[in-house]
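# Analysis of the macromolecular model
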Amino acid sequence: MNDSQPNDRPAARVVCVAGDGRVLLMHWRDPVSGATLWEPPGGGIDPGETPLEAARRELTEETGLPGTAVLDRWLPVHRDFTWLGVRYVKTERFYLARFDGTPQVDPGAFTSEENDTYLEHGWFSPAEMAALPDALEPPDLPEVVARITLPG
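Here is a short report on the structure shown in this document. Because the structure is predicted, anything quoted here is derived from the model rather than measured. Residue numbers run consecutively from 1 along every chain, following the written order of its sequence. Local features are withheld for residues below a pLDDT of 70 in this predicted model, meaning they are given only at 70 or higher, and side-chain atom pairs are given and counted only at 80 or more; totals for whole chains, interfaces and linings count all residues. Water and hydrogen atoms were dropped before computing side-chain values, which therefore reflect all heavy atoms in the structure.

## A few points about the layout of surface pockets
Only protein atoms enter the 1 Å grid, on which a cavity is a set of points fitting a 1.4 Å probe that cannot get out and a pocket is an open set with protein on both sides within 12 Å along at least 5 of 7 lines, lining residues being those with an atom within 4 Å of a point. Grid points are joined across faces, edges and corners, and a volume is the space filled by probe spheres set on the points. Of the voids in this model, the largest pocket is the one considered here, and its volume is about 520 Å³. R9, R13, G43, G44 and E113 are the residues nearest the centre of the largest pocket, which is lined by 27 residues in total. Every element with two or more residues in the lining of the largest pocket is listed here: β1 (11-17), β3 (36-39), β4 (42-44), α1 (51-63), β5 (70-83), β6 (86-98) and α2 (112-117). Each helix is a run of DSSP H or I of at least 4 residues and each strand a run of E of at least 2, with the numbering of both proceeding from the N terminus.

What follows is the structure in structure tokens.
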């Protein structure tokens, strides 16, 4: 697949918010382009799976956090990015998960691709997110976080 035929594989992500308002981001390195980026945990929706089920499964696989923490509250987020030489143009559901404190993250069920591309994770305030030296994906992530965490 090349840039003239974007991939629109359905996916879902989870905005994990700690008790102090910081957000969990995963740090990845694309071995094809060499680019590094930070994004919320998440991934592809498997056949027969709902977006919420996928978000819950991906959260547990990528972070070890309980999928039950993912609320049925989401925003549609436009994505346009290239990963492993494939351009993705699609709208993904970004779900909300809230935690009382800052839970321990233990990525334990990565795919082989994730094992090869994962660098680290961290909890960041919106100001810290904006100051990260590597790309945020999506670039408007602080706005997405602000919108999904609004009361109501």
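## Quick look at the environment of D30
Looking at the element boundaries, D30 is found in the loop between β2 (23-29) and β3. Judged by its relative accessible area of 2%, D30 is buried. In sequence terms D30 and G44 are 14 residues apart; their C-alpha atoms lie 17 Å from each other. The criterion used for residue contact is that any of the two residues' heavy atoms lie within 4.5 Å. Not counting the four nearest positions on each side in its chain, D30 is found in contact with A35, T82, W83, L84 and G85. Relative accessibility under 20% of the residue-type maximum defines a buried residue, over 50% an exposed one, and the middle range a partly exposed one, all with a 1.4 Å probe and only protein chains included.

## Some remarks on the pairing of β2
With six of seven residues buried, β2 lies mostly within the body of the structure. For two strands to be treated as a pair, DSSP must find at least two bridges joining them. As judged from the six bridges shared by β2 and strand β7 (residues 118-124), these two strands associate in the antiparallel manner. Across the sheet, the residue bridging to H27 is E120, located in β7. In the sheet, β2 pairs with β3 via four bridges, with the strands oriented antiparallel. Paired with H27 across the two strands is W38, which belongs to β3. Following β2, the chain reverses through six residues before pairing antiparallel with β3; G34 in that reversal takes a positive phi of roughly 85°.

## Quick word on the side chain of H27
Positionally, H27 belongs in strand β2. Under the rule applied, a polar contact is a pair of N or O atoms within 3.5 Å (in protein, one hydrogen donor and one hydrogen acceptor; residues adjacent in sequence only if both atoms are side-chain atoms). Side chain to side chain, H27 and D134 meet in a polar contact 2.6 Å long. Dropping the residues within four chain positions of it, H27 is found in contact with T36, L37, W38, T117, Y118, L119, E120 and D134.

## Looking at the side chain of R79
Looking at the element boundaries, R79 is found in strand β5. Within the local environment of R79, its side chain forms a polar contact with the side chain of E39, the two groups lying 3.1 Å apart.

## Regarding helix α4 (residues 141-148)
Along α4, the positions that sit buried rather than exposed are L141, V144, V145 and I148. Axial view of α4: buried residues confined to an arc of 100°, hence all on one face. Buried-residue contacts for α4 involve β1, β2, β5, β6, α3 (126-131) and β8 (135-136). Working note: the arc is built from the helix axis to C-beta atom directions.

## Quick word on the pattern of salt bridges
What counts as a salt bridge is simple: a side-chain nitrogen of Lys or Arg found within 4 Å of a carboxyl oxygen of Asp or Glu. The tally for this structure, following the rule as stated, stands at 13 salt bridges. R9 is paired through a salt bridge with D46; the nearest N and O atoms lie 3.8 Å apart. With R9 in the segment before β1 and D46 in the loop between β4 and α1, the pair connects residues that are 37 residues apart, well separated along the chain. Classification of R9 as partly exposed rests on a relative accessible area of 41%. Among the residues examined, D46 registers a relative accessible area of 32% and is labelled partly exposed.

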